[in-house]
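Here is how the chains run, residue by residue.
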Amino acid sequence: MTWMLILLLPIGFLVLAYVRAPLWFCTAALAAWLAGASVHYGWPVAADVVLALLFGVPALLLNLPVLRRSVLSRPLLALYRGILPPMSETERVALEAGTVWWEGELFRGHPDWKMLNDYPQPQLSAEEQAFLDDEVEQLCRLSDDWRISHELKDLPPEAWQYIKDKGFLGLIIPKKYGGKQFSAWAHSQIVTKLSTRCSASAVTVMVPNSLGPAELLLHYGTEEQKAHYLPRLAQGLEIPCFALTSPQAGSDAASIPDFGVVCRGEHEGREVLGMRVTWDKRYITLGPVATLLGLAFRLYDPDHLLGDTEDIGITCALIPTAHPGVQIGRRHFPLNAAFQNGPNWGRDVFMPLEWIIGGPAMAGQGWRMLMECLAAGRSISLPASNTGMAKLTARAVGGYARVRSQFKTAIGRFEGIQEPLARIGGHLYMMDAARRMTAGAIDQGEKPSVVSAIVKYHITERARQVVNDGMDILGGKGICLGPSNFLGRAYQQIPIGITVEGANILTRSLIIFGQGAIRCHPYVLREMRAALAPDTPQALRDFDDALSGHIGYTISNAVRALVTGITGSHWVGVQADVAPETRRYYQQLTRFSTAFAFLADAAMLTMGGDLKRKEKLSARLGDILSLMYLCSATLRRYEAEGRQAADAPLMHWAMWDAMFHAQTAFEGVMSNFPNRAVGMLLRRLIFPLGRPYVVAPDTLGAAVADLLIAPSETRDRLTAGMYVPSDEHDAVGAIEHALVATVAAESIEARVRAAQKRGDITVRGAGAMQAALDAGIIDATEFAQLSRRDILRDRVVKVDDFPQDFGADVVPATPAEARNVTVLAA
């Protein structure tokens, strides 16, 4: 009985903390234990009185909110206010922009998996599907990537006209303004498909439907602005661009030096209240051909013509590029990409205040506009375009690995090739899952700012890995540019997606966890808001509620991390009907979610504001959160697609790889904790029995590789939505035809080789098939199959060659002349 009573105390603590029992219940349980101990041991009355005081006073202090606020929370709030760094308006807007979605569940430490699997799967309408099947398919046919990137350095005129006439520039514009009013999922599907064909077409369509004039007008424009511009944008009468980046303000966009000064001036023959704007922008996509310029700048009112505020703040305006003073520069040439991109500038350009998006009332609200709209745009455009490149790589390189043989074996059968093929397939399965789930969230009304950073960073990074692996498999064919090279341009242009809309280094090091730790944490933002609010009773109540909840949350997560670590998470319940083969992943993700929530709190508690400067630790914490999101999307996809058993290797590889890297990120944080003692303690709590994941088994990778090198429904699902040319003279179309022919010819060729081994035929090399036909080993139909396979195979492995001068009519003599002469860029 004595031992039972002793053990009951720590076990009871662990159980109550694990289930997150409320404070009053824990207090009552401890009081009952003390009472039982007093009876069992026969403590004297004096001891009971002392214990009652030692227990009762803290119990009352903690359980009575009025008392707790006065004695504990008030001085803690004062201390918190003293150490909380000041927050600028731009920081506050960035933190509060968008919404918190599934990433908030992952930060909670106990994700609701039923809620995840209940999220509606995005679906295309009949109109959207028809547009993909017809208009998008035709635009792909009009987009010869080699001709566009090498000869024209732009889309052909017929493609430009088709884009305008068929409404590609108005995908997100409502029907009442003449637009398509397509869903985010349809927008994503369109960009994905175009990206499997030609980056110039994809970017030209993507940018006007992402962060730009149309998006900003829809959310903030005046009715007059919407009525004037949206129909013109939808019909292609205006080509829009948006200018944010300046030479002196790249990643630090909030510090843009471009400025406007409120003043009076003449416009259209009359004096109006306006502003003189000076700007210098670069990297502006569609800028060189735009007719409508969206512009971000900081607005000042030194003469107080609008009110008492002198520094009004970042403002967004719409300016016709034909307006006097607007200077459109020449083109940038981003890694041989043919999409239009270039600088623009202006000096003291006068324009009326009515050109501010939303009118004069929205002056100074530009940063909020950009932050709120960026989440939606960044969730769609770059994930879609980079997933498209990965789909192209998986299908074409996978087919090539079956068609191309060395040592009488398809190269896709070699383990050295299977390894990168496995990465291509596994990464693509996860990328497409995250793309779809995130686009679905946008269609449900979410604006998930943290998720947008996660998918932007991790999908573009995985695309880089996928394309690099594809190039390694292609070998010499991959490095020789020409019409036969289907991957070279993608390889060149992958860094563009890495760089734009928040450079990946910045996104990983500062944004994902830096923003996520505040936005997604269930208590931190509430504590900060209370601390920044005026010193009122309501602020104290809010801080007290958040702080008390935060303490219980942290204690519970510490206990849950230890318990799930000791038990290997085998006892973790999964409140959802999930596939048996995925149940362990849900359990391990719950364990990782709990451990992450505790680790994040430990980091914020021990490092405070210094954590912002510990960029490597912040990046690794962001990696954990990101990988849990990607894993969630992968499991969601597997369920939504009906638990396809044939696709299971893709799912298992993607999950195994991501969980292994999440585990490595945990280790990276704990090993580099500034306080080594705390780091060691965290490791014992989170991985008490060691790390659960190792590198994915080679057999699993081989199974994934096999799925990429053979025609199947799995291969079709993996690359669904990409443009697959039917022309066998097209680089990708040739692979499609050659793959079918190769698979059909393998059994025939095997019979010929067996005959050679038996000595039935002695001819080797090119004449062997004819000898087999003459000997009756194969028939005429089979001989024709082998011959067609050979023709298609030779077409697939062919590389292009060019004249000595690469077709240049003039070799420029000076760098100045080089700018005006079209020369093949190798």
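Residues numbered from 1 in each chain as written. Predicted model: local features only at pLDDT ≥ 70, side-chain atom pairs only at ≥ 80, totals over all residues. Heavy atoms only, no water.

Student: Sorry, what's going on with the overall build of the chain here?
Tutor: The helix and strand inventory of the chain stands at 32 helices and nine strands. A compact globule built from 826 residues would reach a C-alpha radius of gyration of about 28 Å, and the chain, at 31 Å, matches this within 12%. C-alpha atoms of the chain, sized along the principal axes, occupy 110 × 90 × 50 Å. Within the span of the chain, comprising 826 residues, buried residues form 54% of the whole. With the model as given, the accessible surface of the chain reaches about 35100 Å², and the carbon-plus-sulfur share is 58%. Charge-centre separation for the chain: the mean point of 80 positive side chains lies 5 Å from the mean point of 84 negative side chains. (Helix = DSSP H or I, 4+ residues; strand = E, 2+ residues; numbered from the N terminus. Rg over C-alpha atoms; globule rule 2.2 N^0.38 Å. Buried < 20%, exposed > 50% of the residue type's maximum accessible area, 1.4 Å probe, protein only. Areas by Shrake-Rupley, 256 points an atom, 1.4 Å probe, with all protein chains shown as cover. Lys, Arg positive; Asp, Glu negative; His and termini not counted. Charge placed at Lys NZ, Arg CZ, Asp CG, Glu CD.)

Student: What exactly am I supposed to notice about the state of the cysteines here?
Tutor: Each disulfide consists of one covalent bond between the sulfur atoms belonging to two cysteines. Evaluation of the coordinates by the stated rule reveals zero disulfides. Cysteine Cys-140 is unpaired, with the sulfur of Cys-198 as its nearest cysteine sulfur at 8.9 Å. (Disulfide = S-S within 2.5 Å.)

Student: How should I be thinking about the pattern of salt bridges in this particular structure?
Tutor: Side chains that differ in sign of charge can pair as their charged atoms come close. A full pass over the atoms with the stated rule returns 40 salt bridges. In this structure, the salt-bridge partner of Arg-795 is Glu-728, at a minimum N-O distance of 3.2 Å. Remark: Glu-728 occurs in the loop between α28 (713-718) and α29 (731-758) and Arg-795 occurs in helix α31 (residues 780-797); sequence separation between them is 67 residues. A single network of salt bridges, built from pairs that share partners, joins Glu-749, Arg-753, Arg-789, Asp-790, Arg-793 and Asp-794. (Salt bridge = Lys/Arg side-chain N within 4 Å of Asp/Glu carboxyl O.)

Student: How should the pairing of strand β4 (residues 292-300) be read in this particular structure?
Tutor: Regular strands show a simple pattern: their side chains alternate between the two faces of the sheet. Counting buried positions over the nine residues of β4 gives eight, a clear majority of the element. As paired strands, strand β2 (residues 259-267) and β4 are joined by three bridges and run parallel to one another. Note on β4: the bridge partner recorded for Phe-259 is Arg-298. Where β4 meets strand β5 (residues 311-320), nine bridges bridge the pair, whose relative direction is antiparallel. (Pairing = 2+ DSSP bridges.)

Student: For this particular structure, what's the right way to read the packing of aromatic side chains?
Tutor: Each aromatic ring pair is described using two quantities: the centre-to-centre distance and the angle formed by the ring planes. Scanning the model with the defined rule gives 21 aromatic pairs in all. With a centroid separation of 6.3 Å and an interplanar angle of 90 degrees, the aromatic rings of Trp-102 and Tyr-119 are classed as edge-to-face. Of this pair, Trp-102 sits in helix α6 (residues 102-108) while Tyr-119 is found in the loop between α7 (113-118) and α8 (126-142), placing the two residues 17 residues apart along the sequence. The interplanar angle of 75 degrees and the centroid separation of 6.2 Å between the aromatic rings of Phe-407 and Phe-414 together place this pair among those described as edge-to-face. Judged by relative accessible area, Phe-414 falls into the partly exposed class, the value being 32%. Chaining the aromatic ring pairs together yields one cluster made of Trp-101, Trp-102, Trp-113, Tyr-119, Tyr-586 and Tyr-629. Above the face of the Tyr-18 ring, Arg-560 is positioned so that its terminal group lies 4.4 Å from the ring centre. (Phe/Tyr/Trp six-rings, centres within 6.5 Å; stacked < 30°, edge-to-face > 60°. Lys NZ or Arg CZ within 6 Å of the ring centre and 35° of its normal.)

Student: I'm lost on the nonpolar core in this one. Help?
Tutor: Note that soluble globular proteins tend to have their nonpolar side chains buried in a common cluster. Counting 123 residues, the largest nonpolar core has Leu-599, Tyr-629 and Phe-666 as the members making the most contacts within it. With residues near it in sequence (within four places) discarded, Phe-666 still touches Phe-592, Ala-595, Phe-596, Leu-599, Ile-624, Ile-686 and Phe-687. Counting 56 residues, the second largest nonpolar core, distinct from the first, contains Trp-160, Tyr-162, Ala-317 and Ile-356. (Core = buried A, V, L, I, M, F, W, Y, C linked by side-chain atoms within 4.5 Å. Contact = heavy atoms within 4.5 Å.)

Student: How should I be thinking about the layout of surface pockets in this particular structure?
Tutor: To find leftover empty space, a probe the size of one water molecule is rolled over the atoms. By volume, the second largest pocket is sized at about 1100 Å³. Residue lining of the second largest pocket: 37 residues in total, with Ala-21, Pro-22, Leu-23, Cys-26 and Ile-555 positioned closest to the centre. Among the secondary structure elements, those contributing two or more residues to the lining of the second largest pocket are α1 (2-18), α2 (23-41), α3 (45-63), α4 (65-83) and α22 (537-566). Counted by class, the lining of the second largest pocket contains 24 nonpolar, eight polar and five charged residues. (1 Å grid on protein atoms, 1.4 Å probe; cavity = no way out; pocket = protein on both sides within 12 Å on 5 of 7 lines; lining within 4 Å. Points joined across faces, edges and corners; volume = space filled by probe spheres on them. Nonpolar A, V, L, I, M, F, W, Y, C, P; charged D, E, K, R; others polar.)

Student: How do you make sense of the confidence of the model for the chain when you look at a structure like this?
Tutor: Any segment with low pLDDT has predicted coordinates that should not be analysed in fine detail. Per-residue confidence for the chain averages 92 on the pLDDT scale, and 97% of its residues sit at or above 70. Per-residue pLDDT stays below 50 along residues 810-826; that stretch engages in 18 contacts with residues further than four places along the chain or on separate chains. (pLDDT = per-residue confidence, 0-100.)

Student: Help me out: how do you make sense of a nonpolar patch on the surface in this one?
Tutor: A cluster of nonpolar side chains, Leu-23, Leu-60, Leu-62, Leu-64, Leu-67, Val-71, Leu-72, Leu-76, Leu-79 and Ile-83, forms an exposed patch at the surface whose accessible area comes to about 850 Å². Contributing elements (two or more residues each) for the nonpolar patch: α3 and α4. Here the element with the most residues in the nonpolar patch is α4; it accounts for six residues. The residue Leu-72 is located in helix α4 in this model. (Patch = residues over 30% accessible without salt bridge, like charges linked within 9 Å, V, L, I, M, F, W, Y side chains within 5 Å.)

Student: Can you help me understand the side chain of Lys-477 in this one?
Tutor: By secondary structure assignment, the location of Lys-477 is in helix α18 (residues 476-479). This buried residue, Lys-477, is left without a salt bridge; Asp-800 holds the nearest opposite charge, at 6.3 Å. Among the polar contacts listed, one links the side chain of Lys-477 to the backbone oxygen of Val-796, at a separation of 2.9 Å. Discounting residues that sit within four places of it in the chain, Lys-477 has contacts with Tyr-400, Ser-484, Asn-485, Phe-486, Val-796, Val-797, Lys-798 and Val-799. (Polar contact = N/O pair within 3.5 Å; in protein donor to acceptor, adjacent residues only side chain to side chain.)

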